[in-house]
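Coordinate inspection notes
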Amino acid sequence: MTELEILEKVKPIIADKLGIDQEQIKMESNFINDLGADSLGLVDITMALEEEFGMEIPDEEASKLTTVGAMIDFIKNNYKG
Amino acid sequence: MQNLKRVVITGIGVVTSLGNSLDEFFQSLIEGRSGIDFIRGFDTRDFAVKIGGEVRNFDPTPFISPKDLQRMDRFCQFGVVAAMLAYEDAKIHLTDAEKEDFGVIIGSGIGGVNTFENEYKILLERGPSKVGPFFITKLIGNMAAGQVAIFLGAKGYTSDPVTACASGANAIGDAYRRIKYGNEKFMLAGGAEAAVTPLALSGFAAMRALSRRNDAPKLASRPFDRDRDGFVLGEGGGVLFLEEYEHAINRDAHIYAEIVGYGASCDAYHITLPDPTAKGQAKCMINAIRESGIDITMVDYINAHGTSTPANDVAETKAIKEVFGEHSYRLVVNSTKSMIGHLLGAAGGVEAAVTALSIDKGIVHPTINLDNPDPDCDLDYVRGEARKVNIRYALSNSFGFGGHNFSILLKRLK
């Protein structure tokens, strides 16, 4: 999957969990500073993305994925289709 | 000793099986309509009990965003919506400084049992890493009070009494005391419960506490009737906006009633059964009346706990007679549970609301399904039609598993 394809899949999930418009979500968006997530919301998004892509995002990795772009990179590099 | 403050009810919000607006709710009670029906929230095929007072067509979205909804159990949503409705009804706009003196007490008997069931299923089926980050904050019973405080910026005393079916009355009584003793000026207080769930229904059914009149849901809750066979599980929320009297007068607020007494006691007898001597329940009512300093003959109406269980209705009747003697045959008693079932921790909130509305409107709703009164239940329970009553003082009773008894005494001001 390309980054853009992944972005289109993660947008509705992030928007739903944070109660925001999909248009607000950019590659460079920081979950907490730009999108208004709190720490619990970030866990919630991470778990939903694990479901969507059928993969594990370990806690120590997740804590580094502070932007949408970083999250998408991780998914792209670890997604096993 | 500081000056004691007077406390009045200036806002009411309810969410029940009889509609979400206050007018629709009270009018339904006056017409004797039952909100009890077959349970539709889940498949009751294997359940001994298939009936309940479910809240249908509940729309929290005017008050709660989709994001916040995902973070709240159903009980919490009921509490938040009831509180927001009460706050709206009070037509007040508190300043930031006033919100320092604004508190919230919303009791719940069980809390987020629906969340508990769903997440425990996930734990068993998919493992611990799949339990969500909002499990705990949706489960815990204090979160209705916590969320309301966040929504409205209430920075005074917030709490959640957990006294089973008396939680709502416990909350209102404690809130009344907070204002009376000058701690806060404004309180939202009441109860919220959403326990019409598979696990809770199984548990109450196992206790043989519930009516099994599955073929006739609207006839199942029949307080004080000879053929009653248990209570009907209901759900919802009931919250009052309480305000210091002078403040309410100065802003020309509509005052439903004044709170003038709060009585508490414990049966210290059995985990579920009321003490058959009814001394604990009587003491609770006496304590409320004593605080007000009025004569017992001034009490014209009692909104009874009236659960429709064989034990409660006899004990409560006995307690009323113990307290009021001959006057117990002159006052009127009714049971709101005959129409909406037993809302557990929310019951005291909704029923205090009904008591205040009855005082305000000068009319009491009937106790429905009272076809053949139990010979041991010989008071005037308002059989048949609603009745106009010029209420000077009224009691709202709530008794909970654990033997917790609470009575709130209200006074008409007009």
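Conventions adopted
Residues numbered from 1 in each chain as written. Chains lettered and ligands numbered in written order. Predicted model: local features only at pLDDT ≥ 70, side-chain atom pairs only at ≥ 80, totals over all residues. Helix = DSSP H or I, 4+ residues; strand = E, 2+ residues; numbered from the N terminus. Buried ≥ 20, exposed ≤ 12 C-beta atoms within 10 Å, placed from the backbone. Contact = placed C-beta atoms within 7 Å. Nonpolar A, V, L, I, M, F, W, Y, C, P; charged D, E, K, R; others polar. Pairing = 2+ DSSP bridges. Domains from an automatic or database assignment. pLDDT = per-residue confidence, 0-100. Axes fitted to C-alpha atoms, helices over the stretch in contact; angles between N-to-C directions. Left-handed = near helix turned anticlockwise from the far one by under 90°.

1. Regarding the overall build of chain B
- A tally of helices and strands in chain B yields 13 helices and 14 strands.
- Across its three principal directions, the C-alpha atoms of chain B cover 60 × 55 × 40 Å.
- Here chain B holds 414 residues, and the buried ones make up 57% of them.
- A fraction of 80% describes how many contacts in chain B between residues 6 or more apart in sequence connect residues 24 or more apart.

2. So, the environment of B:K155
All names here are of chain B.
- Relative to the elements of secondary structure, K155 occurs in the loop between helix 6 (143-152) and strand 5 (158-159).
- Assessed through the 16 C-beta atoms surrounding it within 10 Å, K155 is described here as partly exposed.
- C-alpha of K155 to C-alpha of K99: the two residues are 56 residues apart in sequence and 5.9 Å apart in space.
- Excluding its chain neighbours within four sequence positions, the residues that come into contact with K155 are K99, E100 and F102.

3. Considering unusual backbone geometry
- The residue B:K91 is not glycine, and still its phi comes out positive at about 50°.
- For B:K91, the location among the structural elements is in the loop between helix 3 (74-89) and strand 4 (102-107).

4. Some details on the interface of chain A and chain B
- With 6 residues of chain A at the interface, the matching set in chain B holds 6 residues.
- If one sorts the elements of the side of chain A that touches chain B by residue count, helix 2 (residues 39-53) of chain A sits on top with 4 residues.
- Classifying every residue of the side of chain A that touches chain B by side-chain character gives 4 nonpolar, 1 polar and 1 charged.

5. Let's talk about the pairing of strand 4 of chain B
Residue and element names in this part refer to chain B.
- With 6 of its 6 residues buried, strand 4 lies for the most part within the structure.
- Residues of strand 4 alternate between two faces, with F102, V104 and I106 on one and G103, I105 and G107 on the opposite face, all of them buried.
- Sheet analysis places strand 4 next to strand 5, joined by 2 bridges and oriented parallel. Across the sheet, the residue bridging to V104 is T158, located in strand 5.

6. Details of the sheet that holds strand 9 (residues 299-303) of chain B
Residue and element names in this part refer to chain B.
- Pairing within the open sheet is mixed, and its 10 strands lie in the order 5-4-6-7-1-8-14-13-9-10. The open sheet is flanked by strand 5 and strand 10 (332-334), the only strands paired with a single partner.
- Bridge analysis of strand 4 against strand 6 (residues 186-193) gives 6 bridges, and the strand direction is parallel. Each bridged residue has a counterpart across the sheet, and for I105 the counterpart in strand 6 is A189.

7. Some points on the domain arrangement of chain B
Residues and elements named next belong to chain B.
- The domain boundaries assigned to chain B delineate domain 1 (7-250) and domain 2 (263-411).
- Averaged C-alpha coordinates put domain 1 and domain 2 at centres separated by 20 Å.
- If you list the elements that add at least two residues to the side of domain 1 that touches domain 2, you get strand 1 (7-15), helix 1 (22-30), helix 7 (167-180), strand 6 and strand 7 (236-244).
- Tallied by class, the residues present in the side of domain 1 that touches domain 2 amount to 28 nonpolar, 24 polar and 8 charged.

8. A look at the confidence of the model for chain B
- With 99% of its residues at a pLDDT of 70 or more, chain B has an overall mean of 97.
- Note on the complex model: pTM 0.97, ipTM 0.91.

9. Brief notes about the environment of B:G263
Residues and elements named next belong to chain B.
- Note that G263 resides in strand 8 (residues 257-266).
- For G263 and K180, which are 83 residues apart along the polypeptide, the C-alpha to C-alpha distance reads 14 Å.
- Once residues within four sequence positions are removed from consideration, G263 is found in contact with C284, M285, I286, N287, A288, E291, F406 and S407.

10. Some words on the packing of helix 1 (residues 3-18) of chain A against helix 4 (residues 68-78) of chain A
Residue and element names in this part refer to chain A.
- It is at 10 Å that the axes of helix 1 and helix 4 come closest, and there the two elements cross at 115°. For the pair helix 1 and helix 4, the crossing hand works out as right-handed. Of helix 4, the residues touching helix 1 (which contributes E3, I6, L7 and V10) are M71, I72, I75 and K76.

11. Let's talk about the pairing of strand 13 (residues 393-400) of chain B
All names here are of chain B.
- Counting buried positions over the 8 residues of strand 13 gives 8, a clear majority of the element.
- Going residue by residue along strand 13, you find Y393, L395, N397 and F399 tucked away on one face and A394, S396, S398 and G400 tucked away on the opposite face as well.
- Count of turn residues in the strand 13/strand 14 (residues 404-411) antiparallel hairpin: 3 residues, of which G402 carries a positive phi of about 100°.

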